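# Residue-level structural notes
Given next are the chains, with one letter for each unit.
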Amino acid sequence: MNSSLPPAEELALIDRELAQLDARRLFLLARREWLLGLLRQSAAVPAGWGPAVSGPPVPPAWSAGPRKEASAPSAQNVLLTLGAVLLAVAALAFTLVSWGSMGIAGRSAVLAVVTAAALAAPGVLLRRGLRSTAESVAAVGLLLTVLDAYALYAVGMPGADGTGYAAGAAAVLAAVWAGYGSALRTLRIPLPAAVAAAQLPLPLAAVAADAGATGLGWALLVTAALDAALALRVRAAALPAAVLGSAALLLGAAQSWSAASAAQAAAPAALLLAGAALGTAAAWREPRVWGAALVGAVAAVVAVAGVARPELAPGWALVAHLLVGLPLLAAVRVPALPESVRRGAAWAGAVVGAFGALAAGAVVVPVLVARLRVLEEVWAVTTPPAAVHGPGAAAAVALLLTAAAARWLSPVPARPESAVAAVLPAWAGLFAAPVLLGLPVAAVFAVQLAVTGAAGVLALRSPVRAAGIAAAACALAGAANVSLGALDGRAATFAVWGLLGAGCAAGAAYGPAARWVRSAAAVCAVGYATGLLVAASAVADLAVAWWALPVLAVPAAVAAPGPRWGAVRLPVEVAAGASGVLALALSAGRPGTLALVLALAGVVCAGAAVRPERRVLGWAAAALFVAATWVRLVEAGVTAPEAYTLPVTVPALAVGFLRRRRDAGASSWTAYGPGLGATLLPSLLAAWGDAGWLRPLLLGAAALAVTLAGARWRLQAPLLLGGAVLAAVAVHELAPYVVQVAGALPRWVPPALAGVLLLAAGATYERRLRDARRLRAAIGRLG
């Protein structure tokens, strides 16, 4: 065979082509297996598509029976795992319990031989391509080494300290397993097992040496440092590094917080600072683990502040922690640090600030809630002066420090969360400070009013919406709290409520502010005006029912045509309506006063209905006038309301008839509803309280006539009003007989009838719905 190429080059060319052919063959075989899998799923494979082998045709594997639910590798893994577990159980039983008459020494010798065989077998199995089997045998071999260590302790060193021996054995086993895994790198179990065993020597040695909590923390921290160094090459070591490092820092923090003096806190502080350095180094080396920098920065804060804590008065330790931790917020402004370290340090400052604010808030909230006791006896002047509390003063300082840090040290002060974090603690600290410091009552009110006013101004003028919302919430909470406190004295009530009401009115009139802030201020202004009028009525020693007249002046002033409320008119009118309802409730105890208040409220609604956009209030005015009339009649002892209603009903129906003739599109409710209701409803109320038969008979006849008239001329108002009154009269007349019949029936009959009714209703549910829709449509077509 002649060729123009030199033999070496031709041989290299042939090798490359053979390699390409082998790769192509492997690809085609894989493709073939995939296609066969698809055909197995569809169960529609021709009989001759079996594997291409020499000899007689072999039927396809899937034609011999049903499709297998477990693949060969998964079944193999299950079998190997079960085999390894059984061997491990047998080895434990052999070593720890007994084996015939063989003693611990004999069992140790046997275990040593079996261990050597188990550790040597994976190498042979790997050379034959049995990797899974080798993994299982290696796992058994590793377990046998643990049992060997126990046998050595039981035979050669029975009197030695068990914990110390366990520490040394763990170190030896970790080294042996690491060397074994390095020799057989194909195995996946030995190296992770070595890493797990390496976590035990130092902690166990610290326990054996009785090194105490701080010594154990150092052992854990050193082990975590070694794990962190190993994690640069073996990723599995990162988890134990994090776990042991966290445990060491928790031990250090517990020792620092329980130290009785600065000298006792020094050792835990050193441990915490070492942990902080380890966390910072880890975040510096690996940017993805910025959480290590966060934990390390928090540990550093606890270490530094923990030394000062024993020497500080109660409560001021919180301030010390904040003074150390809050400056970490500025770490993001230090470009020399890596991004991961800056991020972790800033988050650590935020965590310290959040916990500090919560701890301080737990001191401030009870002080503010204590003012609810004033409601037990208003104007009793019984609120004791506040005493000076060291922890309370420290809480106020802590809140102010947190607010200042959020405002000046935050990475982006204009962000919503930074603005809220600055507003809420600042308000809480300033508002509670005069109470916590034990200032005189007048000074407390002055400071709290000033703080509330400042929060209101910030809500009106803040360019950041989140800060405005937070400030508005603070202003509302402060106003409510100081208003409660002012109820302890009359002068304080008028002074505080007057100032707050004036401030709210000024805020409602501030045009550049957001509409929702102005609306809230306007509602509060109306509320304070109402409260002042109630307080003035109480000071004048008026009866409670007569308090309604001054209160009614509030909706009257809002409905007056003079003021122009602009964008806040609707919330002001709603608040004024609530004041009107309060006036009605206050006058409900005296019918004469109630009638007067109802009439005056009707006048107010009528005056407001003059404006085109408030025409609907005309209906409310009419209802209030009618209600006032009937209250007055009831007070006068009138028993025949028809004498007063029929003279109104007849002309009202005549007017309605004339309107329907001129305007065919007018609703029957507008034309005939007021006139019919003016007589039918009062007469119905009188009939239900009448024991005679004449009134119900006449009313029923009249209602029947009205119902028939509505049906005849297809008018909705007469039909529904007449039918409702007729049904009510019938129920009133039949009720005594129904009660008698129900009393005579056995007790099982009513439940049985109810069950039959429910079954019937359920059986015809769909048809009844259809009939109801038809009835509704028919009523809707009426005039």
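Residues numbered from 1 in each chain as written. Predicted model: local features only at pLDDT ≥ 70, side-chain atom pairs only at ≥ 80, totals over all residues. Heavy atoms only, no water.

### Topic: the overall build of the chain
Within the chain, the regular secondary structure consists of 29 helices and zero strands. When burial is assessed residue by residue, the chain has 35% of its 783 residues classed as buried. A total accessible area of about 43,500 Å² is found for the chain, and carbon and sulfur atoms account for 72% of it. (Helix = DSSP H or I, 4+ residues; strand = E, 2+ residues; numbered from the N terminus. Buried < 20%, exposed > 50% of the residue type's maximum accessible area, 1.4 Å probe, protein only. Areas by Shrake-Rupley, 256 points an atom, 1.4 Å probe, with all protein chains shown as cover.)

### Some thoughts on a nonpolar patch on the surface
On the surface, Leu202, Trp218, Val222 and Leu226 cluster together to form a nonpolar patch covering roughly 340 Å² of accessible area. With three residues, the top contributor of residues to the nonpolar patch is helix α8 (residues 212-231). Within the fold, Leu226 resides in helix α8. Exposure remark for Leu226: the relative accessible area of 55% places this residue in the exposed category. (Patch = residues over 30% accessible without salt bridge, like charges linked within 9 Å, V, L, I, M, F, W, Y side chains within 5 Å. Salt bridge = Lys/Arg side-chain N within 4 Å of Asp/Glu carboxyl O.)

### Overview of the packing of helix α15 (residues 416-436) against helix α16 (residues 441-461)
One way to put it is that α15 packs onto α16 with a least axis distance of 7 Å and a crossing angle of 165°. Relative to α16, the element α15 is oriented roughly antiparallel. Between α15 and α16 lies a crossing of left-handed hand. Taken together, the residues of α16 that come into contact with α15 (itself represented by Val423, Trp427, Leu430, Phe431, Pro434 and Val435) are Val444, Val447, Gln448, Val451, Thr452, Ala455 and Leu458. (Axes fitted to C-alpha atoms, helices over the stretch in contact; angles between N-to-C directions. Parallel < 35°, antiparallel > 145°, perpendicular 65-115°, else oblique. Left-handed = near helix turned anticlockwise from the far one by under 90°. Contact = heavy atoms within 4.5 Å.)

### Digging into helix α5 (residues 162-183)
Each full turn of the α-helix corresponds to 3.6 residues, which orients residues three or four apart in the same direction. Taking 1.5 Å of rise per residue, the 22 residues of α5 would be expected to cover 32 Å, and the 31 Å separating its terminal C-alpha atoms lies within 8% of that figure. Along α5, the positions that sit buried rather than exposed are Tyr165, Ala167, Ala169, Ala170, Leu173, Ala174, Trp177, Tyr180 and Gly181. (Expected span 1.5 Å × (residues − 1).)

### Regarding the nonpolar core
By size, the foremost hydrophobic cluster in this structure holds 50 residues, and its most contacted members are Val364, Trp427, Val482, Val496 and Leu500. Once residues lying within four places of it in the same chain are set aside, the contact partners of Val364 are Ala395, Leu399, Ala428, Ala432 and Leu436. Residues Val551, Ala583, Leu586 and Ala595 belong to the second largest nonpolar core, which totals 16 residues. (Core = buried A, V, L, I, M, F, W, Y, C linked by side-chain atoms within 4.5 Å.)

### What to know about the packing of aromatic side chains
Evaluation of the coordinates by the stated rule reveals three aromatic pairs. Ring geometry for Tyr153 versus Tyr165: centroids 4.9 Å apart, planes at 35°, classification tilted. Pair noted here: Tyr153 is in helix α4 (residues 131-156) and Tyr165 is in helix α5, with a separation of twelve residues, a long-range link. For the pair shown, Tyr153 and Tyr165 are each scored as buried. With centroids separated by 5.1 Å and ring planes inclined at 25°, the aromatic side chains of Trp427 and Phe431 adopt a geometry described as stacked. (Phe/Tyr/Trp six-rings, centres within 6.5 Å; stacked < 30°, edge-to-face > 60°.)

### Details of the side chain of Gln716
Mapped onto the secondary structure, Gln716 falls in helix α27 (residues 716-744). Looking at Gln716, its side chain comes within polar contact range of the side chain of Trp669, at 2.7 Å. (Polar contact = N/O pair within 3.5 Å; in protein donor to acceptor, adjacent residues only side chain to side chain.)

### Side note on the confidence of the model for the chain
Note: predicted coordinates in regions of low pLDDT should not be interpreted at a detailed level. Per-residue confidence for the chain averages 82 on the pLDDT scale, and 83% of its residues sit at or above 70. Of all the helices and strands in the chain, helix α2 (residues 72-96) carries the lowest mean pLDDT, 51, while helix α19 (residues 515-539) carries the highest, 95. This model gives residues 43-77 a pLDDT under 50, and the stretch forms 18 contacts once residues within four places in sequence are excluded. (pLDDT = per-residue confidence, 0-100.)

### As for the pattern of salt bridges
Within the structure shown, the criterion is met by eight salt bridges. Between Arg611 and Glu613 there is a salt bridge; the shortest N-O distance is 3.2 Å. By relative accessible area, which is 17% here, Arg611 ends up buried. Note that Arg695 is salt-bridged to Glu642, the shortest N-O span being 2.9 Å.

### Points about the packing of helix α7 (residues 201-208) against α8
As a packed pair, α7 and α8 sit with axes 8 Å apart at the nearest point and diverge in direction by 165°. As judged from the angle between their axes, α7 and α8 are roughly antiparallel. For the element pair α7 and α8, the recorded crossing hand is right-handed. Residues Leu202, Pro203, Ala206 and Val207 of α7 form the contact with α8, whose participating residues are Gly215, Leu216, Ala219, Leu220, Val222 and Thr223. The class makeup of the residues in the contact of α7 with α8 is eight nonpolar, two polar and no charged. (Nonpolar A, V, L, I, M, F, W, Y, C, P; charged D, E, K, R; others polar.)

### Topic: unusual backbone geometry
Positive phi, normally seen in glycine, also occurs at Asp210, with a value near 55°. For Asp210, the position within the fold is in the loop between α7 and α8. For Asp541, which is not glycine, the phi dihedral falls at a positive 60°. Inspection of the secondary structure puts Asp541 in the loop between α19 and α20 (548-559).

### Topic: the environment of Gly179
Mapping Gly179 onto the fold places it in helix α5. Among the residues examined, Gly179 registers a relative accessible area of 41% and is labelled partly exposed. Between the C-alpha atoms of Gly179 and Leu191, which are twelve residues apart in sequence, the distance is 8.4 Å.

### Observations regarding the environment of Ala299
Tracing the backbone shows Ala299 in helix α11 (residues 290-308). Judged by relative accessible area, Ala299 falls into the buried class, the value being 5%. Contacts of Ala299, omitting those with residues within four sequence positions, involve Leu249, Leu272 and Ala276.

### A short note on the environment of Ala405
With respect to the secondary-structure elements, Ala405 resides in helix α14 (residues 390-408). When its relative accessible area of 4% is taken as the criterion, Ala405 is described as buried. For the pair Ala405 and Ala350, spaced 55 residues apart in sequence, the C-alpha to C-alpha distance is 9.4 Å.

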